[in-house]
2 protein chains.
Amino acid sequence: MITSVENSKVKEISKLKLAKYRKSEQKFIVEGSHLVEEAHNANVLLEAFSIEEKQGYTTLSPVVMKKICNTDTVVKEIGICKMENKTNLCSRILILDGIQDPGNMGTLMRSANAFGFKTLFIGNGCVDIYNDKVIRSSQGAIFKLNFLFGNVLEFLLNLKDYKIYGTNVVRGISLDKVKRFNKMAIVLGNEGNGISKEVEELSLDNIYISMENTESLNVAVAGSIIMYELK
Amino acid sequence: MITSVENSKVKEISKLKLAKYRKSEQKFIVEGSHLVEEAHNANVLLEAFSIEEKQGYTTLSPVVMKKICNTDTVVKEIGICKMENKTNLCSRILILDGIQDPGNMGTLMRSANAFGFKTLFIGNGCVDIYNDKVIRSSQGAIFKLNFLFGNVLEFLLNLKDYKIYGTNVVRGISLDKVKRFNKMAIVLGNEGNGISKEVEELSLDNIYISMENTESLNVAVAGSIIMYELK
């Protein structure tokens, strides 16, 4: 049982709270028994820790667990996972251009998995997908998707055979009129500013969701409605 | 200009960070110039405060503003609003049975406003709708809806002329097969546990959203997709 927060293993885990260490180590933390189980099922679980004695788990004292965890609520189990390199281009791609809220990112992953958008392109300005809040909101969907990372504009310019739609609050084609194609990609923009200017200049066909008024929707909601309709 | 956090006005405002004072005073705080403006437009703004000199606003020093505000980012303006008592039953009612996450609550308000579900019934176990995170996520929708509060079961038993649908991850009628009625009410349940047992026992017709797999959706996403389809 590890009882000291000065333990080298604890320090190693704690480092993974920072995006730059997650990237250099190609590892990330999941919190809670549900996510540890999902990580195990996905074959990415490297090591598991519990505050209770349990076979296959290293035991941590509650104090040490509290130091490691980001949540206010008490977590009993955590896992260290390896990042995977699944970069398949599936028939439905969700392209994220500057999604910054971790809750939105995780929720979009969850919906993408539910509606068969199995490839996510994560643009450079997005929140780190291995952030603890993203993982919590994703509810395990993070283990079931393919991720690509990079510059959205470059990716779009090289994306052949796909019908690409942008999204926009008011302009474009109403969602219920959008034609479905075998291969489709949807671009979602930043919470405050929408799609970036350089992508806007590509003049993609835009999808909009018809509403009672000119209000906007939460981006995770808008993206999920579009994925539901085009699944 | 108010520069002391000991100022009686500041203390009065700070009290409104607690749900029980909001309830007894029938007032709540909005943060940020966008929401202050929305409150003004909705005729519920009682008093406005800014860190800059501005006509109609009481000036607060940045230190005082920081003490009052809940956000990490710097807010320049806040407003004190009165709670309204708009309890109309509109033709579309969203009934919330134990929604606890403030982000989900605010997002549901935003979608409800966009899709014409103008009446929200807030069950007893829900997060306080005047919580700062709820208001922020609602993006001003809180000023445009009618709210009723109380016991969900009692409300449902007294709701005449409405076609009421529960929601469920797997059982029931697929959303694309749901009949539309002039007057409809949709019940959404708690993030972890779904609809409460006592409401479940009413055996309402359930709507489910068809998915690729047996995953669940974020409740704000599920509710928004349903409202979009039945708007």
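Because the structure is a prediction, the values reported are computed rather than measured. (Residues numbered from 1 in each chain as written. Chains lettered and ligands numbered in written order. Predicted model: local features only at pLDDT ≥ 70, side-chain atom pairs only at ≥ 80, totals over all residues. Heavy atoms only, no water.)

Checked against the element boundaries, I225(B) lands in helix α9 (residues 219–230). Take I225(B): its relative accessible area is 0%, and that puts it in the buried class. For the pair formed by I225(B) and L94(B), sequence separation is 131 residues and the distance between their alpha carbons is 13 Å. Those residues within four positions of I225(B) in sequence are excluded, and the remaining contacts are F115(A), S224(A), I225(A), Y228(A), L175(B), I209(B) and L217(B). (Helix = DSSP H or I, 4+ residues; strand = E, 2+ residues; numbered from the N terminus. Buried < 20%, exposed > 50% of the residue type's maximum accessible area, 1.4 Å probe, protein only. Contact = heavy atoms within 4.5 Å.)

To continue, consider the pairing of strand β11 (residues 205–208) of chain B. Residues and elements named next belong to chain B. Where strand β8 (residues 163–167) and β11 come together, three bridges link them in parallel fashion. For T167, the partnering residue across the bridge sits in β11 and is I207. Direction of pairing for strand β9 (residues 173–174) relative to β11: parallel, over a ladder of two bridges. Paired with S174 across the two strands is Y208, which belongs to β11. (Pairing = 2+ DSSP bridges.)

Before going further, it helps to spend a moment on the sheet that holds β9(B). Either a parallel or an antiparallel arrangement is found when strands of a sheet pair, and the pairing is made through backbone hydrogen bonds. All names here are of chain B. Within the open sheet, the seven strands sit side by side as β7-β6-β5-β10-β8-β11-β9. Their pairing is parallel. One side of each edge strand has no neighbouring strand; the edge strands of this open sheet are β7 (146–150) and β9. The sheet strands contacting helix α5 (residues 102–114) are β5 (92–97), β6 (119–123), β7 and β10 (184–189), and the helix crosses β5 at an angle near 170 degrees. Each of β5, β8, β10 and β11 is contacted by α9, which is oriented at about 170 degrees to β10, the strand it contacts most. (Axes fitted to C-alpha atoms, helices over the stretch in contact; angles between N-to-C directions.)

Moving on, we come to the relation of the copies chain B and chain A. Both copies of the chain are related through a single rotation about an axis accompanied by a shift along the same axis. Once chain B has been moved 0.0 Å along the axis and rotated by 180 degrees, it coincides with chain A to within an RMSD of 0.0 Å. Taken together, the rotation angle and the small translation identify this as a two-fold axis. Counting the interface residues of chain B, we find that 100% of their copies in chain A are interface residues as well, pointing to one common contact surface. (Least-squares fit on C-alpha atoms with pLDDT ≥ 70 in both.)

A few words on the interface of chain B and chain A. Across the boundary between the two partners, chain B contributes 27 residues, which contact 27 residues of chain A. Across the chain B/chain A interface, buried area totals approximately 2,200 Å², and carbon plus sulfur atoms make up 53% of it. Its largest share of buried area at the contact with chain A, chain B owes to R110(B), A114(B) and Y228(B), together 24% of the area lost on that side. The interface formed by chain B and chain A contains zero salt bridges. For the pair chain B and chain A, the number of links is eight residue pairs in polar contact (both at pLDDT 80 or more). (Buried area = accessible area lost by both parts, 1.4 Å probe. Salt bridge = Lys/Arg side-chain N within 4 Å of Asp/Glu carboxyl O. Polar contact = N/O pair within 3.5 Å; in protein donor to acceptor, adjacent residues only side chain to side chain.)

Attention shifts here to the packing of helix α5 (residues 102–114) of chain A against helix α9 (residues 219–230) of chain A. Residues and elements named next belong to chain A. Viewed as axis vectors pointing N to C, α5 and α9 meet at an angle of 10 degrees, and their least axial separation amounts to 9 Å. Overall, the two elements α5 and α9 adopt an arrangement that is roughly parallel. The segment α5 lies against α9, with N104, T107, L108, S111 and A112 engaging V219, A220, G223, S224 and M227. When the residues that make up the contact of α5 with α9 are grouped by side-chain class, the tally is five nonpolar, five polar and no charged. (Parallel < 35°, antiparallel > 145°, perpendicular 65-115°, else oblique. Nonpolar A, V, L, I, M, F, W, Y, C, P; charged D, E, K, R; others polar.)

Residues and elements named next belong to chain A. Where burial is concerned, most of strand β6 (residues 119–123) is hidden: five out of the five residues are buried. Residues T119, F121 and G123 line one face of β6 and the alternating positions L120 and I122 line the opposite face, and both faces are buried. Examined bridge by bridge, strand β5 (residues 92–97) and β6 share four bridges and lie parallel to one another. By the bridge assignment, I95 is partnered in β6 with F121.

The subject of this paragraph is the environment of K177(B). Residues and elements named next belong to chain B. Tracing the chain through its elements places K177 in the loop between β9 and β10. Exposure remark for K177: the relative accessible area of 60% places this residue in the exposed category. Linking K177 and Y208, residues 31 residues apart in sequence, is a C-alpha distance of 10.0 Å.

Below, the discussion takes up the packing of aromatic side chains. Residues and elements named next belong to chain A. Under the defined criterion, the tally for this structure stands at 10 aromatic pairs over all chains. Relative to F155, the ring of F121 has its centre 4.1 Å away and its plane inclined at 15 degrees; by these criteria the two rings are stacked. Here F121 is found in strand β6, whereas its partner F155 is found in helix α7 (residues 152–157), with 34 residues between them in sequence. F155 carries the same exposure label as F121, and that label is buried. (Phe/Tyr/Trp six-rings, centres within 6.5 Å; stacked < 30°, edge-to-face > 60°.)

So, about helix α1 (residues 8–15) of chain A. All names here are of chain A. When we look at burial in α1, the residues that qualify are V10, I13 and S14. Here the buried residues of α1 occupy an arc of 100 degrees about the axis, which is enough to place them on one side. Contacts from the buried residues of α1 go to β1 (27–31), β2 (45–50), α4 (62–68) and β4 (77–82). Regarding α1, its N-cap is N7, as a side-chain oxygen of that residue lies 2.7 Å from the backbone nitrogen of K9 further along. (Arc of directions from axis to C-beta.)

Here we come to the pattern of salt bridges. Throughout the structure, instances matching the rule amount to 24 salt bridges over all chains. One network of salt bridges, with partners in common, ties together E31(A), D132(A) and R136(A).

This brings us to the confidence of the model for chain A. When the pLDDT values of chain A are averaged, the result is 93; 99% of them are 70 or greater. Reported for the predicted complex are a pTM of 0.94 and an ipTM of 0.93. (pLDDT = per-residue confidence, 0-100.)

Residue and element names in this part refer to chain B. Pairing is mixed in the open sheet, where four strands are placed in the order β1-β4-β2-β3. Looking at which strands have only one partner, the edges of the open sheet turn out to be β1 (27–31) and β3 (57–59). Sheet twist, expressed as the mean angle between neighbouring strand axes with direction ignored, is 25 degrees. Judged from the five bridges that link them, β1 and strand β4 (residues 77–82) form a sheet pairing that is antiparallel. Across the sheet, residue I29 finds its bridge partner in β4, namely I80.

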